Amino acid sequence: MKKLYTAVALASLALCAVFFAPSVGGQALNVSYGPTGLQQLSYGGVTLEDTSRYSADTFHIWHLKMTDLQGNPVSGPQYGWGESNNGKSWDPGAHRWTYNFIWGSISVQYVASGSQLNVITTETNLASSGVILAGASVYPMALHFPTLPANFNDASYPQLSYTTTAPGVVVANYGTGETVAVTPDATKPLYSGFWPSGDPNAYSALISSTTPDNLATFQPHFDRPVQPGQTDTFTVSYRFAAAGTSSLTLASDAYANYGQTFPSELNWTDRRPLGTIYLASSPTSGPANVPNGFPNNPRRYFNDGNASDFDVRTAAGLQSFQNRILQRAQQNVTNLQALGAQGAIVWDLEGEQYPQATTYVCSPDQVASVAPEIDSVITDTSSPYSGQRLDDAYFKILTSAGFRVGVCVRPQHFAIAADGTATQTVLGNLSDVRTELARKIQYAHDRWGATLFYVDSSVDGNGGTLDPVLFQQLHEQFPDSLLIPEESTPRHYAYTAPFQTFLFHADTGTDPAVRAMYPSAFSNILINDVAAATLAASRATLTASVKAGDTLMGHADYPDPNNATIVAMEQDAGRGAPVVAPPTPTPTPVTPTPT
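Below is a summary of the structure that appears in this document. (Residues numbered from 1 in each chain as written. Predicted model: local features only at pLDDT ≥ 70, side-chain atom pairs only at ≥ 80, totals over all residues. Heavy atoms only, no water.)

Within the open sheet, the seven strands sit side by side as β7-β8-β9-β10-β18-β15-β14. Their pairing is antiparallel. The sheet is open, and its two borders are formed by β7 (87–91) and β14 (168–173), each paired with just one other strand. Averaged over all pairs of adjacent strands, the angle between strand axes in this sheet comes to 15°, irrespective of strand direction. Bridge count between strand β8 (residues 96–100) and strand β9 (residues 104–113): five bridges; the pairing is antiparallel. Within β9, the residue paired with Trp97 across the bridge is Val108. Relative to strand β15 (residues 178–183), helix α3 (residues 252–261) is tilted by about 30°, and along the sheet it contacts β14, β15 and β18 (231–241). (Pairing = 2+ DSSP bridges. Helix = DSSP H or I, 4+ residues; strand = E, 2+ residues; numbered from the N terminus. Axes fitted to C-alpha atoms, helices over the stretch in contact; angles between N-to-C directions. Contact = heavy atoms within 4.5 Å.)

Any two aromatic rings considered together are summarised by their centre-to-centre distance and by the angle between their planes. Here the structure, examined in full by the defined rule, presents 33 aromatic pairs. Aromatic pair Phe152 and Tyr203: ring centres 5.0 Å apart, planes at 80°, arrangement edge-to-face. Separated by 51 residues along the polypeptide, Phe152 in the loop between β12 (142–144) and β13 (159–162) and Tyr203 in strand β17 (residues 202–208) bring together distant segments of the chain. A single burial state applies to Phe152 and to Tyr203, both of which are buried. Here a set of aromatic residues connected by ring pairs shows up, and it is made of Tyr33, Phe59, Trp90, Trp97, Tyr99, Phe101, Trp103 and Tyr110. In this arrangement the basic side chain of Arg491 is found over the ring face of Phe262, its NZ or CZ atom lying 3.8 Å from the centre. (Phe/Tyr/Trp six-rings, centres within 6.5 Å; stacked < 30°, edge-to-face > 60°. Buried < 20%, exposed > 50% of the residue type's maximum accessible area, 1.4 Å probe, protein only. Lys NZ or Arg CZ within 6 Å of the ring centre and 35° of its normal.)

This part takes up the sheet that holds strand β20 (residues 343–346). Strand order across the open sheet formed by eight strands is β25-β24-β21-β20-β19-β28-β27-β26, with parallel pairing between neighbours. Of all strands in the sheet, those bounded by a partner on one side alone are β25 (482–485) and β26 (499–501). On average, adjacent strands in this sheet sit at an angle of 25° to one another, irrespective of strand direction. Examined bridge by bridge, β26 and strand β27 (residues 524–526) share three bridges and lie parallel to one another.

Before going further, it helps to examine the environment of Asp511. Within the element layout of this structure, Asp511 appears in the loop between α9 (502–505) and α10 (512–517). Exposure remark for Asp511: the relative accessible area of 43% places this residue in the partly exposed category. In this structure the C-alpha to C-alpha distance between Asp511 and Ala357, which are 154 residues apart in sequence, comes to 29 Å.

Within the secondary structure, Gln424 sits in strand β23 (residues 422–425). You can call Gln424 buried: its relative accessible area is 14%. Among the polar contacts made by the side chain of Gln424, one reaches the main-chain carbonyl oxygen of Tyr360 at a distance of 3.1 Å. In terms of polar contacts, Gln424 uses its side chain to reach the backbone carbonyl oxygen of Val361, at 3.2 Å. Once you skip the residues sitting within four places of it in the chain, Gln424 turns out to touch Ala357, Thr358, Tyr360, Val361, Arg410, Gln412, His413 and Phe414. (Polar contact = N/O pair within 3.5 Å; in protein donor to acceptor, adjacent residues only side chain to side chain.)

What follows is about the pattern of salt bridges. Scanning all chains against the criterion turns up 23 salt bridges. Of the charged contacts, one joins Arg515 and Asp550 as a salt bridge, the two residues approaching to 2.9 Å between their closest N and O atoms. Residue Arg515 is located in helix α10, and its partner Asp550 is located in the loop between α12 (539–548) and β28 (551–555); the two are separated by 35 residues in the primary sequence. Accessibility assignment for this pair places Arg515 and Asp550 in one class, buried. The salt bridge partner of Asp572 is Arg539, with a shortest N-O separation of 2.9 Å. Here the residue Asp572 occupies a position in helix α13 (residues 561–572), and Arg539 occupies one in helix α12, the gap between them amounting to 33 residues. Here the salt bridges do not stand alone but share partners, grouping Asp375, Arg389, Asp391, Asp392 and Arg447 into one network. (Salt bridge = Lys/Arg side-chain N within 4 Å of Asp/Glu carboxyl O.)

In this section: empty space enclosed by the protein. Tallying each qualifying case throughout the model produces two cavities of 30 Å³ or more. A volume near 30 Å³ is recorded for the second largest cavity. In this structure, the second largest cavity is lined by Pro411, Gln412, Val426, Leu427, Val433, Val459, Asp460 and Leu466. Grouping the amino acids of the lining of the second largest cavity by side-chain chemistry returns six nonpolar, one polar and one charged. (1 Å grid on protein atoms, 1.4 Å probe; cavity = no way out; pocket = protein on both sides within 12 Å on 5 of 7 lines; lining within 4 Å. Points joined across faces, edges and corners; volume = space filled by probe spheres on them. Nonpolar A, V, L, I, M, F, W, Y, C, P; charged D, E, K, R; others polar.)

With respect to the element layout, Asn125 can be found in strand β10 (residues 116–125). On the accessibility criterion, Asn125 (1% relative accessible area) is buried. Asn125 has contacts with Trp103, Val131, Ile132, Leu133, Val226, Gln227, Pro228, Gly229 and Gln230, leaving out every residue within four places of it along the chain.

Ranked by internal contacts, the top residues of the largest apolar core, which has 81 residues, are Phe321, Ile374, Tyr394, Leu398 and Ile527. With eight residues, the single largest contributor to this core is helix α4 (residues 315–339). Here Ile374 is in contact with Tyr301, Phe321, Ile325, Leu349, Val367, Leu390 and Asp391, once residues within four sequence places are set aside. Counting residues in hydrophobic clusters, the runner-up holds 45 residues, among them Leu29, Leu64, Phe101 and Val236. (Core = buried A, V, L, I, M, F, W, Y, C linked by side-chain atoms within 4.5 Å.)

These results come straight from atomic positions and should not be treated as a statement about function.
Right, here's the structure in full:
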C-alpha cells in the first residue's frame, strides 16, 4: 500500500506547479498546485496540507447567505450553497478558483511570496441579480498540524478572529513552527482563522464574509454585504515562521491598520492607583434573589447584624449609621492618601442585600428607593454635614480631599418585585443598554461629580462581551470620565481602560498587542487581598506593567498590607508619589473583595 501511495503521489506531482520560497531563518515554505488547486503545503520540512492524502481538504465554498433587496432571506439553488453553481474552474497559471452563479461569481487566488501565502477573495454581484450577497464561507485549504497548537486549548473549538472587535490575527503555534492567519485590512468586518475539521489536530482555514454555520451565539455575528453591481475584494495572509515568533512581528501591518481604522479616543494621563471601596458584604448563602439583609441593617452595610451597633429602623440607630458612614469616608481618605491614589470607586453604594447574581445593584439613580438609609438626611446637628444627604456628604468628603470618585454601574436593569426578590434584567438591544448605562452615569456624574465608572457584568444576554461601539458612544458622551468594563476586547482600549484582576485571574497587565495599536492604552489591575507570596512572585512583572502605563487597584477600606507593595511598585516604576506612612489598622471588621 505504501508503494502504491507513493506512485500515485509522484504521478500527481508531475502535473503540479511547484512554488518554493526561502524564508527568514533558513526555513522554507513550499506550495504545490495540481488540477484541483492547492495540493500540498509544507513549511520547514513539515507537511501541513496534502490533498492526495486527505481528499476532503480540497478547496470548497460552503455556506452562502443571500437576501432580496429588502433584506429578506432568499433560498434555493445557488443561493445557499457554494458547491451548487453554474460551473467552477481552476486557472493553473493564475492559481485561481472561480465559481460562477446565476447572480455573480466568487474567485479565490493563491499568491505565495517568501514565507507567506496570500489568499485573495473577490465576490462579484451582477447588476441584474436582484439579490444582495450577504456573504460566503470559503475554505481555501486545510492544515494538519503535527500537534495541537499550544494556544488552541481544545481541539473542538474554532479559532477565529473578528475584525469588529480586534485585529484579524490568529496564531497557531504547533511546536516545530507557527502559522498565523492575518487579515491586514480592518475597514470592513471579516471572519478568518481555523475551523476544526474533525481529524486530530487538523483545521480548515476559513475565510467568511458572513456568520459561519454553528458559530457560538456569544461570538460576534455579522455580514459583509455586496450590493447588485458591486464587487468586494479582501485578502487573508497565512504567514509561517519559527515557533514562538511574535505576532507583533508577523502581523505588524494588521495591528497598525487596526489602530488607524479605529483610533484611540481616550486621553487619561493620570495612572496613579485607584482605591476600591466596599461598604457592605454580600450574603454567603441563601436561595438566589431572596433578601438576606439583617433586620437592623437590611443592606448589610459593614456586614453588621448587631442591633446594638445601629438599627436603621430607629431614629437613633439611623443617626449612628450615618456617623459610621462619615467615619468610613474619613478612613477612606487616609488610606487613599497612603496609597498615593488618584481616586476611588465605590462598588456597592446601594449595599449588598441580595446574593449573586444580584449582589451588586450598581444603579446609583435608584439609590433612594433601593437603600434609603444611605440617602437619608443627616440628623446629627453637631455634624458639619447636618441637613445634607448622607451619600452626598460621603462623596463630598472624598472630593474635598482632592480625590476623584466613582461608582459601579451595570448594563442590566435592577428591579425589586412585590415579594421582595430582586432581578437584574438583561436588555434586548444595544440602544436600550446604552440608555440604561448613560442614565446611571449621568446621575452619578451630575450629583456627586463621579468620573470613574466600573461597568460590572459588561455582557449581553448570550454572554458575549458588549460591543465596543457602545463604549465609544458613552466615552464621547462623557469625555471627562473613565469607563472600566469588566469584560473587554482589544478594541475597547480605544475608549476605555478595561478591568483586569490579578487576584482572581492572575492578570498582570495590558497585552503588548493592544499597545501595538494603541500606544497609550492601559488596564486597571485589581491587587486586593492576594496572598503576599503570590504578589511577591509577580512583583517584577506588575512593576513593568506600571512602568508601561497600567494602573493598580488596592483597598481604600483599610490599610491592606498589599497597599505598601503597590506604593513600592509605583516608586520602582519611577512614578510613585512620596510615601505616606499607612495608618494603624483599626479593629473594624474587614470587608474582603467579593468574587
